[in-house]
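Listed below are the residues making up each chain.
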Amino acid sequence: MSKTRDITVTVNGDARKAAVEPRLLLADFLRQTLGLTGTHVGCEHGVCGACTVLVDGDSVRSCLMFAVQTDGRNVDTVEGLGRIGQMNALQQSFHEHHALQCGFCTPGMLITATDLIKKYPLATDDDIREGLSGNLCRCTGYAHIVKAIRAVVDGKAGDIR
Amino acid sequence: MKPASFDYIVAESVDMAVASLAQAGPDAKIIAGGQSLVPMLNFRLLRPPVLVDINRIAGLASIEDSKHAIRVGALTRHHQLETSPVIARHLPVLSCAMTHVAHLAIRNRGTIGGSLSHADPAAELPMMALLLDAQLCIASASGTRTVAARDFFLNALTVDLAAGDVVTEIALPKLPPRTGWGFEEVARRHGDFALAAVAATLTVSGGAIAQARVALTGVGPTALRVAAVEALLVGHALEPKLTSRAVDAVRAAIGPDTDLHASADYRRHLAGVLTRRALEAAWRRTNESAA
């Protein structure tokens, strides 16, 4: 075990201090050190997209980043989007369009969609599908997820920007 | 799947990075975006004793319009390059290519210098560096040097970098006037590595091709330029017979492998189809870029 580093990370708006081994993945820091188990861990090598979080507002795969690298940065997870009873427009749209079944991919889908909506016009559903191509869902088959995001892009589900 | 432990050094300058690498020995690794490195660490295919993190070096993530070239700092993220107005104006073929690089979460993090140093045989950036005659600036504890892209890619995942070298900047010469471009890629899923991709530029003068550049990726151990095709295009207007000769020449020049994604025959066929499309698009655009 190499020596730990003291880091301070702003997670969903709260400053969190911890001593971490450099090899601790951001995903494991969020889930195990901070107990924020909304971020899911699927493949652990950057393929499935389930662990996607925002670092300084940009979507990143938290299995491909070390917690120590987020020292002084802002990290936002699915827990920061909203909560039961207070879901944001994107979460509400997923709910209304049945855009999840088992829910394993959902945190990554929500965070990826948040960044896609911010950065791209998503004029066509194909644009949404291409944007989601790095996030694997094994049960709903994407159609409802695309519909849920479409509703937000078209302003029919409230603004998240 | 967790990485083996390593010592972690945050470099705050290029000088500090190369000094740290020199001190840490040949097995130390640089971490930039980490989008290729961290999977290898998670699988423990690599167990470097030391990681030197260059992400916090100021000034390495710029896109600068100098007189004849666009100078791109090695820490520039793929998404920055994809959306840069400077790149869109002077190197639109590169803006197009960048939309094919992986997925947004990876483009947000992955770096230009990292992708070129890693040199995946099916990645877009090595092909674009070759197409655009890029020059790579490389620093080490013993000084700096500049290497042309054509001399940089040696084999699959193998480039002209010694332990202790850091790519700091890539210079991309601007396209000449009256240059059209084409970029064509096929992947099984958007953002996956290319089964084959072709990028071409054609510069016209007096109705004929004065300079042609054709580069491919996904069809061999490294991305490549096809000089034989470029030579047969020069001096002519692009017409269907010439395009067909170019397609045949591309198929003859490459030696793709069969892997679980596609057979060698399929890749060779695809490379030809994409060459035709890329050349036709480039020729069309030479008329649009008359200004």
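Residues numbered from 1 in each chain as written. Chains lettered and ligands numbered in written order. Predicted model: local features only at pLDDT ≥ 70, side-chain atom pairs only at ≥ 80, totals over all residues.

A separate point is the overall build of chain A. If you tally the helices and strands in chain A, you get six helices and five strands. For chain A, the succession of helices and strands along the chain, N to C, is β-β-α-β-β-β-α-α-α-α-α. A globule of 161 residues ought to have a C-alpha radius of gyration of about 15 Å, and chain A, at 16 Å, matches this closely. Along the first, second and third principal axes, the C-alpha atoms of chain A reach 50 × 25 × 25 Å. (Helix = DSSP H or I, 4+ residues; strand = E, 2+ residues; numbered from the N terminus. Rg over C-alpha atoms; globule rule 2.2 N^0.38 Å.)

Residues and elements named next belong to chain B. Packing of helix α11 (residues 240-253) against helix α12 (residues 264-288) leaves a shortest axis separation of 9 Å and a crossing angle of 140°. Of the two elements, α11 crosses α12, and the hand of that crossing is right-handed. On the side of α11, the interface is formed by Thr243, Ala246, Val247, Val250 and Arg251, while α12 contributes Arg268, Ala271, Gly272, Thr275, Arg276, Leu279 and Glu280. By residue class, the composition of the contact of α11 with α12 is five nonpolar, three polar and four charged. (Axes fitted to C-alpha atoms, helices over the stretch in contact; angles between N-to-C directions. Left-handed = near helix turned anticlockwise from the far one by under 90°. Contact = placed C-beta atoms within 7 Å. Nonpolar A, V, L, I, M, F, W, Y, C, P; charged D, E, K, R; others polar.)

Right, let's get into the domain arrangement of chain B. By a widespread convention, an interface's size corresponds to the accessible area lost as its parts come together. All names here are of chain B. Segmentation of chain B into domains returns domain 1 (7-53), domain 2 (63-173) and domain 3 (179-288). Each of domain 2 and domain 3 was reduced to a C-alpha centroid, and the two centroids are 20 Å apart. Contact with domain 2, which involves 22 residues of that partner, is made by 20 residues of domain 3. For the side of domain 2 that touches domain 3, the secondary structure elements donating two or more residues are α5 (92-98), α8 (124-131) and β8 (153-155). It is α8 that provides the largest number of residues to the side of domain 2 that touches domain 3, a total of six residues. By residue class, the composition of the side of domain 2 that touches domain 3 is 16 nonpolar, three polar and three charged. (Domains from an automatic or database assignment.)

Bringing the nonpolar core into the picture now. One finds Ala196, Val198, Ala199 and Leu216 of chain B to be the most contacted residues of the largest nonpolar core, which totals 147 residues. With residues near it in sequence (within four places) discarded, Val198 of chain B still touches Glu184, Val214, Leu216, Ala271, Leu274, Thr275 and Ala278 of chain B. (Core = buried A, V, L, I, M, F, W, Y, C linked by C-beta atoms within 7 Å. Buried ≥ 20, exposed ≤ 12 C-beta atoms within 10 Å, placed from the backbone.)

Here we come to the domain arrangement of chain A. Residue and element names in this part refer to chain A. Taken as a whole, chain A is organised into domain 1 (5-80) and domain 2 (82-153). Between domain 1 and domain 2, the contact holds 13 residues from the first and eleven residues from the second. It is strand β3 (residues 52-55) that provides the largest number of residues to the side of domain 1 that touches domain 2, a total of three residues. Tallied by class, the residues present in the side of domain 1 that touches domain 2 amount to six nonpolar, six polar and one charged.

We now examine the pairing of strand β13 (residues 208-217) of chain B. Residues and elements named next belong to chain B. Most of β13 sits inside the fold, with seven of its ten residues counted as buried. Two successive antiparallel strands, strand β12 (residues 196-205) and β13, enclose a turn made up of two residues, where Gly206 displays a positive phi of approximately 60°. Looking at chain direction, β13 and strand β14 (residues 224-225) are connected through two bridges and run antiparallel. Following the sheet pairing, Leu216 is matched in β14 by Leu224. The turn linking β13 back onto β14 is made up of six residues, and Gly218 within it adopts a positive phi angle of 85°. (Pairing = 2+ DSSP bridges.)

Attention shifts here to the packing of helix α3 (residues 89-96) of chain A against helix α6 (residues 143-153) of chain A. All names here are of chain A. Remark: α3 packs on α6, axes separated minimally by 8 Å, with the N-to-C direction vectors making an angle of 135°. Relative to α6, α3 is oriented oblique. The two elements α3 and α6 cross, and the hand of that crossing is right-handed. Note on element contacts: α6 touches α3 through Ala148, Ala151 and Val152, opposite Ala89, Leu90, Ser93 and Phe94. (Parallel < 35°, antiparallel > 145°, perpendicular 65-115°, else oblique.)

All names here are of chain A. Within α3 the residues assigned to the buried category are Leu90, Gln91, Ser93 and Phe94. The buried side chains of α3 occupy one side of the element, clustering within an arc of 160° when seen end-on. Contacts from the buried residues of α3 go to α2 (78-81), α4 (106-119) and α6. (Arc of directions from axis to C-beta.)

Looking now at the sheet that holds strand β1 (residues 7-10) of chain B. All names here are of chain B. Strand order in the open sheet made by the three strands is β1-β3-β2, with parallel pairing throughout. Since the sheet does not close on itself, it has two edges, and those belong to β1 and β2 (29-31), each with one partner. In this sheet, adjacent strand axes meet at a mean angle of 30° when their direction is disregarded. Sheet analysis places β2 next to strand β3 (residues 50-53), joined by three bridges and oriented parallel. Paired with Ile31 across the strands is Asp53, a residue of β3. Against the sheet, helix α1 (residues 14-24) engages β1 and β3, with an angle of about 175° to β3.

Right, let's get into unusual backbone geometry. Look at Asn12 of chain A: it is not a glycine, yet its phi comes out positive at around 50°. With respect to the helices, strands and loops of the structure, Asn12 of chain A is situated in the loop between β1 (5-11) and β2 (14-20). Under the C-beta neighbour-count criterion, Asn12 of chain A is labelled partly exposed, with 19 such atoms within 10 Å. The phi torsion at Arg178 of chain B lies on the positive side, around 55°, for a residue other than glycine. Here Arg178 of chain B shows up in the loop between β10 (166-173) and β11 (179-186).

Interpretation of the predicted coordinates at a detailed level should be avoided for regions scoring low in pLDDT. Across chain B, pLDDT averages 96, with 99% of residues at or above 70. The ipTM value of the predicted complex is 0.95, and its pTM value is 0.96. (pLDDT = per-residue confidence, 0-100.)

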